[in-house]
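Residues per chain are reported as follows:
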Amino acid sequence: MAITLPHDAMSQMFAAAPANDLPDVPNYNVCPTDQVASITSTDGARHYRPMRWGFIPHWYKKANGGPLLINARAETIAEKPAFKAACRTRRCIIPASGFYEWTRLDDGTKLPWYIQRSDTASIAFGAIWQDWTDDEGVVGATVAIVTTGANDAMGKIHHRIPVILESDDWALWLGEDGKGAATLMQATGEETLKFHRVDRMVNSNRASGPDLIDPLDV
């Protein structure tokens, strides 16, 4: 994903108190296990805080003690042992400027696309989080983005899509407006997103810079 807006703008937009150890921005190539900024709510107070992108269940002895859980499927999130507690009580929002998805050709070639909101506003991903403590007693928050079946527009690129929240739904997702967040775990509207092809250099987790999201002449 790409996260380009300043943290002070994001914390103001979500009315959330910012932490002091937020990850550097802009970052045009946020990869799994990187730190991302997220919004949580505790007793009605919102916090803008860093988390590791890659949810770590409490029974993992090491961070790499099992599959890398960057996404949680909406269809099974309430049943999976790794996610079921978090989906009830630890939902959060990850703001981003856009994200990447790939189409795969018959020969295995992966062609990247950059996806953003049609209105160019920030995307608010629905996510779940979990604190995890390593062998040395260091506690860190970890997060997975919730996904669901793609709408028709996104289905041209990929069969899954992140849960994207509109501003009117933030409070419900964060648990501030009671129960019913499960109703938000669905594909966004057909007109919400726009996308364009980008250079394959983004296929490398070492790639960086704003040119990663530039439209590719095809």
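Residues numbered from 1 in each chain as written. Predicted model: local features only at pLDDT ≥ 70, side-chain atom pairs only at ≥ 80, totals over all residues. Heavy atoms only, no water.

- You'll find the protein entered in an unreviewed UniProt entry as Abasic site processing protein, with Octadecabacter arcticus 238 given as the organism.
- The protein has a UniProt comment under Sequence similarities (unreviewed entry) that states "Belongs to the SOS response-associated peptidase family." (UniProt positions renumbered as here; feature names shortened; annotations may be inferred.)

Quick look at empty space enclosed by the protein
Phase 1: Applying the stated criterion across every chain yields a total of one cavity of 30 Å³ or more.
Phase 2: Taken as a whole, the largest cavity holds about 30 Å³ of empty space.
Phase 3: Taken together, N151, A153, M154, G189, E190, L193 and F195 make up the full set of residues lining the largest cavity.
Phase 4: Those elements that provide at least two residues to the lining of the largest cavity are α3 (152-155) and β11 (193-197).
Phase 5: In the lining of the largest cavity, the residues fall into four nonpolar, two polar and one charged. (1 Å grid on protein atoms, 1.4 Å probe; cavity = no way out; pocket = protein on both sides within 12 Å on 5 of 7 lines; lining within 4 Å. Points joined across faces, edges and corners; volume = space filled by probe spheres on them. Helix = DSSP H or I, 4+ residues; strand = E, 2+ residues; numbered from the N terminus. Nonpolar A, V, L, I, M, F, W, Y, C, P; charged D, E, K, R; others polar.)

Let's talk about the packing of aromatic side chains
Phase 1: Applying the stated rule across the entire model yields six aromatic pairs.
Phase 2: Look at Y100 and Y114: their rings are 5.4 Å apart centre to centre, the planes differ by 55°, and that puts the pair in the tilted class. Of the two residues, Y100 sits in strand β6 (residues 99-104) while Y114 sits in strand β7 (residues 110-117), which places them 14 residues apart along the sequence.
Phase 3: What makes Y100 buried here is its relative accessible area of 6%.
Phase 4: A network of ring pairs unites the aromatic residues Y100, W102 and Y114 as a single cluster. (Phe/Tyr/Trp six-rings, centres within 6.5 Å; stacked < 30°, edge-to-face > 60°. Buried < 20%, exposed > 50% of the residue type's maximum accessible area, 1.4 Å probe, protein only.)

Description of the layout of surface pockets
Phase 1: Taken as a whole, the largest pocket encloses approximately 530 Å³ of empty space.
Phase 2: Every residue lining the largest pocket is counted, 25 residues in all, and those nearest its centre are W53, I70, Y100, E101 and W102.
Phase 3: Looking at the lining of the largest pocket, the elements with two or more residues in it are β4 (71-73), β6, β9 (139-149) and β10 (160-162).
Phase 4: Here the element with the most residues in the lining of the largest pocket is β6; it accounts for four residues.
Phase 5: Tallied by class, the residues present in the lining of the largest pocket amount to 14 nonpolar, seven polar and four charged.

A word on the pattern of salt bridges
Phase 1: Here the structure, examined in full by the defined rule, presents five salt bridges.
Phase 2: A salt bridge links R160 to E75, with the shortest nitrogen-to-oxygen separation between them at 2.9 Å. Here R160 is found in strand β10, whereas its partner E75 is found in the loop between β4 and α2 (84-89), with 85 residues between them in sequence.
Phase 3: Owing to a relative accessible area of 10%, R160 belongs among the buried residues under this scheme.
Phase 4: Put simply, R117, D119 and E166 are held in one network by salt bridges that share partners. (Salt bridge = Lys/Arg side-chain N within 4 Å of Asp/Glu carboxyl O.)

Observations regarding unusual backbone geometry
Phase 1: A cis amide bond links V25 with the next residue in sequence, P26, at an omega value of 0°.
Phase 2: Its place among the elements puts P26 in the loop between β1 (17-18) and β2 (35-42).
Phase 3: Positive phi values are uncommon outside glycine, yet D43 reaches one of about 55°.
Phase 4: Considering the arrangement of structural elements, one finds D43 in the loop between β2 and β3 (45-53).
Phase 5: For D43, a relative accessible area of 81% gives the class exposed.
Phase 6: The phi dihedral of T120 is positive, around 65°, even though this residue is not glycine.
Phase 7: In this structure, T120 sits in the loop between β7 and β8 (123-133).

Remarks on the sheet that holds β7
Phase 1: Spatial ordering of the open sheet is given by β6-β7-β11, a layout of three strands whose pairing is antiparallel. Two strands in the sheet have a free side with no partner beyond their single neighbour: β6 and β11. Each neighbouring strand pair of the sheet contributes to a mean axis angle of 35°, computed without reference to strand direction. (Pairing = 2+ DSSP bridges. Axes fitted to C-alpha atoms, helices over the stretch in contact; angles between N-to-C directions.)

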